[in-house]
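The chain contents come next:
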Amino acid sequence: MVHLDSRKVCHAWPRTLRFVANGSEVFAVRPPEEGHKRRDVPVGVSAGLRPGPNSISVRVQDDPAGDFVLALAVTRQVGVPELRRRVAPSDPEESRRRALESCWPPGGAAGPRAVSASRATRCG
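The rules behind the values
- Residues numbered from 1 in each chain as written.
- Predicted model: local features only at pLDDT ≥ 70, side-chain atom pairs only at ≥ 80, totals over all residues.
- Heavy atoms only, no water.
- Pairing = 2+ DSSP bridges.
- Helix = DSSP H or I, 4+ residues; strand = E, 2+ residues; numbered from the N terminus.
- Axes fitted to C-alpha atoms, helices over the stretch in contact; angles between N-to-C directions.
- Salt bridge = Lys/Arg side-chain N within 4 Å of Asp/Glu carboxyl O.
- Buried < 20%, exposed > 50% of the residue type's maximum accessible area, 1.4 Å probe, protein only.
- Contact = heavy atoms within 4.5 Å.
- Core = buried A, V, L, I, M, F, W, Y, C linked by side-chain atoms within 4.5 Å.
- Phe/Tyr/Trp six-rings, centres within 6.5 Å; stacked < 30°, edge-to-face > 60°.

Novice: It is not clear to me how the sheet that holds strand β3 (residues 24-29) should be interpreted in this structure. Could you clarify?
Specialist: Think of a sheet as strands paired side by side through backbone hydrogen bonds, with each pair either parallel or antiparallel. Pairing is antiparallel across the open sheet formed by three strands, whose spatial order is β3-β2-β4. Each end of this open sheet is capped by a strand with a single partner; those strands are β3 and β4 (56-61). Each strand of the sheet is rotated relative to its neighbour by a mean of 10 degrees, with strand direction disregarded. As judged from the five bridges shared by strand β2 (residues 16-21) and β3, these two strands associate in the antiparallel manner.

Novice: Please clarify how the pattern of salt bridges should be interpreted in this entry.
Specialist: A side chain with one charge may pair with a side chain of the opposite charge, provided their charged atoms come close. For the structure on display, the rule yields four salt bridges. For E25, the salt bridge identified is with R18, shortest N-O distance 2.8 Å. Using a relative accessible area of 40% as the deciding quantity, one classes E25 as partly exposed. Given a relative accessible area of 41%, R18 falls into the partly exposed group. Across the pair E82 and R76 runs a salt bridge, and its minimum N-O distance is 2.9 Å. Of the residues examined, R76 reaches a relative accessible area of 55% and is grouped as exposed. Within this structure, R76, E82 and R86 form a network of salt bridges that share partners.

Novice: What exactly am I supposed to notice about unusual backbone geometry here?
Specialist: Negative phi is the rule for most residues except glycine; trans is the rule for most peptide bonds. The backbone phi angle of N22 is positive, close to 55 degrees, even though this residue is not glycine. Checked against the element boundaries, N22 lands in the loop between β2 and β3.

Novice: Which parts of the structure should I look at to understand the environment of V43?
Specialist: Residue position: V43 is located in the loop between β3 and β4. Sequence separation between V43 and F27 is 16 residues; the distance between their C-alpha atoms is 8.0 Å. If sequence neighbours within four positions are ignored, V43 has contacts with W13 and F27.

Novice: Could you clarify how one ought to interpret the nonpolar core in this entry?
Specialist: Generally speaking, nonpolar side chains in soluble globular proteins are found buried as a group. With nine residues, the main nonpolar core is built from M1, W13, L17, F19, A21, F27, V29, V45 and F68. The set of elements that each furnish at least two residues to this core consists of β2 and β3. For F19, the contacting residues outside a window of four places in its chain are S24, E25, V26, F27, V45, I56, S57, V58 and L72.

Novice: How do you make sense of the packing of aromatic side chains when you look at a structure like this?
Specialist: Geometry of an aromatic ring pair is reported as the spacing of the ring centres plus the angle between the planes. All told, the structure shown has two aromatic pairs when counted by the stated rule. Measuring from ring centre to ring centre gives 5.4 Å for W13 and F27, while their planes differ by 55 degrees; the resulting arrangement is tilted. Pair noted here: W13 is in the loop between β1 (2-3) and β2 and F27 is in strand β3, with a separation of 14 residues, a long-range link. W13 gets classed as buried once you look at its relative accessible area, which sits at 9%. With 5.3 Å between their ring centres and 15 degrees between their planes, F19 and F27 make a pair best called stacked. Taken together, the aromatic side chains of W13, F19 and F27 make up a single cluster linked through ring pairs.

Here it is in structure tokens:
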């Protein structure tokens, strides 16, 4: 998850978050304890998912909650030879541009947009 209202692009959780898959809580993010800093690190959700379609619900509480972006990546394990065949080197600036376009329309107003993907290779 990324907080959009930040100059630093890094993982950050909202004040609270509840991630439910197929009716069971996979993980929850709770507010930090008074006087303590919370470690905001990514969480793996694979153990809470099943093969085929899954029903996922994410509840976020923050001010404003719309300033966060959540991404789920569907992956499969491959060996190094196959990875080298399938992934071509990419210019870092071109990669950054493509990543930003997946969240914001090219040349459009800054801000998040809703995306819906079903078996898609990219969001949007």
